[in-house]
Amino acid sequence: ETLAKRPIRDCPATMQQAEALFADVRRRGLSRITGQFTASIHGISAPVFDAGGSICAVISMVGGAGQLDTNWSGVNATSLRRAGKEMTAALGGSSP
């Protein structure tokens, strides 16, 4: 079963693909967009987990393509990942 009538490049089209994306977010501690929705906009986000291990919030940085570093190991990624872990801990949650 498809999730959208008009698939978007690099976005999950099925629940199986969505579950794989969620697993990747949990493993990396990050998600990012690099022009999938609007070519000139990039973003990087870190999940915040509740006590049950579910994602309850997200913190993000969004900026122009070529202006925002969305490298998985870049300074923005490192800062967001750390902040997500700190917020998770403050909520009594735990990161996978």
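Right above here is the structure, for reference.
All values reported here derive from a predicted model rather than from experimental measurement.

**Student:** Could you clarify how one ought to interpret the overall build of the chain in this entry?
**Tutor:** Assigned secondary structure in the chain consists of two helices and three strands. Its helices and strands taken in sequence order, the chain reads α-β-β-β-α from the N to the C terminus. Dimensions of the chain along its principal axes, counting C-alpha atoms only, are 40 × 35 × 15 Å. The contacts of the chain with a sequence gap of at least 6 include a subset with a gap of at least 24, amounting to 46%. For the chain, the separation between the mean place of its 10 positive charges and that of its 7 negative charges on side chains is 4 Å.

**Student:** Help me out: how do you make sense of the side chain of S45 in this one?
**Tutor:** Inspection of the secondary structure assignment puts S45 in strand β2 (residues 41-49). With a relative accessible area of 17%, S45 lands in the buried category. At a separation of 2.6 Å, a polar atom in the side chain of S45 contacts the side chain of S60.

**Student:** Would you take a moment to explain the pattern of salt bridges for this structure?
**Tutor:** Scanning the model with the defined rule gives two salt bridges in all. The partner of R27 in a salt bridge is D24, and the shortest N-O contact between them spans 2.5 Å. Pair noted here: R27 and D24 are both in helix α1 (residues 15-28), with a separation of three residues, about one helical turn. Residue R28 is joined to D24 by a salt bridge in which the shortest nitrogen-to-oxygen separation is 3.1 Å. With R28 and D24 both in helix α1, this residue pair falls four residues apart, about one helical turn. Sharing partners across several salt bridges, the network here consists of D24, R27 and R28.

**Student:** In this structure, what is going on with the side chain of T88? I would like to understand it.
**Tutor:** Checked against the element boundaries, T88 lands in helix α2 (residues 75-90). In this structure, T88 is in contact with P47, V48, F49, G93, S94 and S95, ignoring residues within four places of it in sequence.

**Student:** Sorry if this is basic, but what is going on with α2 here?
**Tutor:** Within an α-helix, residues lying three or four positions from one another point in the same direction, as the helix has 3.6 residues per turn. The terminal C-alpha atoms of α2, which comprises 16 residues, lie 22 Å apart, in line with the 22 Å expected from a rise of 1.5 Å per residue. In this structure, the buried side of α2 is in contact with β2 and β3 (55-64). G92 occupies a position one or two residues after α2 and carries a positive phi of about 80°.

Thresholds applied
- Residues numbered from 1 in each chain as written.
- Predicted model: local features only at pLDDT ≥ 70, side-chain atom pairs only at ≥ 80, totals over all residues.
- Heavy atoms only, no water.
- Helix = DSSP H or I, 4+ residues; strand = E, 2+ residues; numbered from the N terminus.
- Contact = heavy atoms within 4.5 Å.
- Lys, Arg positive; Asp, Glu negative; His and termini not counted.
- Charge placed at Lys NZ, Arg CZ, Asp CG, Glu CD.
- Buried < 20%, exposed > 50% of the residue type's maximum accessible area, 1.4 Å probe, protein only.
- Polar contact = N/O pair within 3.5 Å; in protein donor to acceptor, adjacent residues only side chain to side chain.
- Salt bridge = Lys/Arg side-chain N within 4 Å of Asp/Glu carboxyl O.
- Expected span 1.5 Å × (residues − 1).

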